[in-house]
Amino acid sequence: LHLTTTDRCLVFVWSLISKEYTDNDFVYITSRNEQRGREAIKNLAGEGLRNIRYLQLDIENVESIKIAAEQISKAHGKLDVLVNNAGIYCDPNSAMPFGQQAEVSNRINYFGTLSVTNGFFELLKNGGLIVNVGSALGELAQVSKNHQKRLTSSKLTIEDLTEFVDDFTEKAKANSHDEAGYSSNSYGMSKLAMIAMTKVQAREFAKDNITVVVMCPGYCQTDMTGGLGWHSASKGAESITYLVKKANIHDFSGNFFSSSATEW
């Protein structure tokens, strides 16, 4: 059973729904906008892809997450793969104040992803895989050496990381983020937090036999990029599919996968 969370560009993960799957395998696509979600399901079904189901899910709404998890639990009792693909990009050149950009980016890309993972945690125990869709823009080098040391510490906890995220947002609103050692890219900072979160969860979830990885699909031509990009959304989705099908993926928990030379 596979579930992917996304609010836009649902085609981005279409290749997760493979004709190789049996009648006992199911893929759920979720979205905040129910109409768009159901249209995507209809289009995918028209391509001959089977066992595709839809769930309405707002990653900013804890109750919505709870309801979705309960539906999955009732129907299947477990979840094999969770793909956290929902996200938002705030254009640094927009009129939106940077402090607001930081708040919005972190609320969805960090806190929303964290909430979904927590909400489906029990269903993922004993062999589950979580694939977080990050970005090479979440590079570690965008913050000061002190922050880098903190984020790469083997003792880092989710509480510590959340404190880091909240401090960045607070400093961004006060326009003092630069001197505090943070970058001026709210999207990059939120994806930095996602990568750090992945590494923390990989350590903490190991005892429950849950694998957590994070990947960058590359610069894809999607609604979020205004149609710009180096390759198609479906090409980017192949990277997700590769990780989901990788036989020894459980040996790589906590890793950041990217086609670029970027190292975290």
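Counting restarts for each chain, with residues numbered from 1 along the sequence as it is written. Given that this is a predicted model, residues contribute local features only at a pLDDT of at least 70 and side-chain atom pairs are listed and counted only at 80 or more, while totals for whole chains, interfaces and linings are drawn from all residues. For side-chain calculations, the full set of non-hydrogen atoms in the structure is used, while hydrogens and water are omitted.

Caption draft 1: Expanded view of the pairing of strand 4 (residues 81-84). In strand 4, alternate side chains face the same way, and those of Val81 and Val83 on one face and Leu82 and Asn84 on the other are all buried. Pairing between strand 4 and strand 5 (residues 129-133): 4 bridges, direction parallel. Bridging from a neighbouring strand, Val81 pairs with Leu129 of strand 5. Only protein chains enter the accessibility calculation, which uses a 1.4 Å probe. A residue is then buried if its area is under 20% of the maximum for its type, exposed if over 50%, and partly exposed in between. Where helices and strands are cited, they refer to DSSP runs of H or I of at least four residues and of E of at least two residues respectively, numbered from the N terminus. Any two strands between which DSSP finds at least two bridges are classified as paired.

Caption draft 2: Geometry of the pattern of salt bridges. We define a salt bridge as a contact between a side-chain nitrogen of Lys or Arg and a carboxyl oxygen of Asp or Glu at a distance within 4 Å. The full count for this structure, using the stated rule, is 9 salt bridges. Note that Lys171 is salt-bridged to Asp167, the shortest N-O span being 2.6 Å. Taken together, the residues span about one helical turn, with Lys171 and Asp167 both in helix 5 (residues 158-173) at a distance of 4 residues. For Asp167, a relative accessible area of 24% corresponds to the partly exposed category. When salt bridges that share partners are traced, they join Arg32, Asp58, Glu60 and Arg107 into one network.

Caption draft 3: Region of interest: the confidence of the model for the protein. For every residue, the predictor reports its confidence as pLDDT, a number between 0 and 100. Predicted confidence across the protein gives a mean pLDDT of 86, with 81% of residues reaching 70 or more. Every residue pair with non-hydrogen atoms within 4.5 Å of one another is taken to be in contact. Confidence drops under pLDDT 50 across residues 7-15; counting only partners more than four residues distant or on other chains, this segment forms 37 contacts.

Caption draft 4: Main features of unusual backbone geometry. Positive phi, normally seen in glycine, also occurs at Asn126, with a value near 70 degrees. Within the secondary structure layout, Asn126 lies in the loop between helix 3 (98-124) and strand 5. A relative accessible area of 68% places Asn126 in the exposed class.

Caption draft 5: Representation of helix 2 (residues 62-76) in the model. An expected span of 1.5 Å times one less than the residue number is assigned to each helix. Between the first and last C-alpha of helix 2 there are 21 Å, a value that for 15 residues agrees with the 21 Å anticipated at 1.5 Å per step. Burial in helix 2 covers these residues: Ser64, Ile65, Ala68, Ala69 and Ile72. For helix 2, the buried positions fall inside an angular range of 130 degrees around the axis, keeping them on one side. Counted as exposed and oriented over 90 degrees from the buried face of helix 2: Val62 and Lys74. As used in this structure description, the phrase polar contact means that two N or O atoms lie within 3.5 Å; if the pair is within protein, one of them must be able to donate a hydrogen and the other to accept it, and residues adjacent in sequence are counted only when both atoms belong to side chains. Regarding helix 2, its N-cap is Asn61, as a side-chain oxygen of that residue lies 2.9 Å from the backbone nitrogen of Glu63 further along. Phi for Gly77, located one or two positions after helix 2, is positive at around 80 degrees. It is the directions from the helix axis to the C-beta atoms that the arc portrays.

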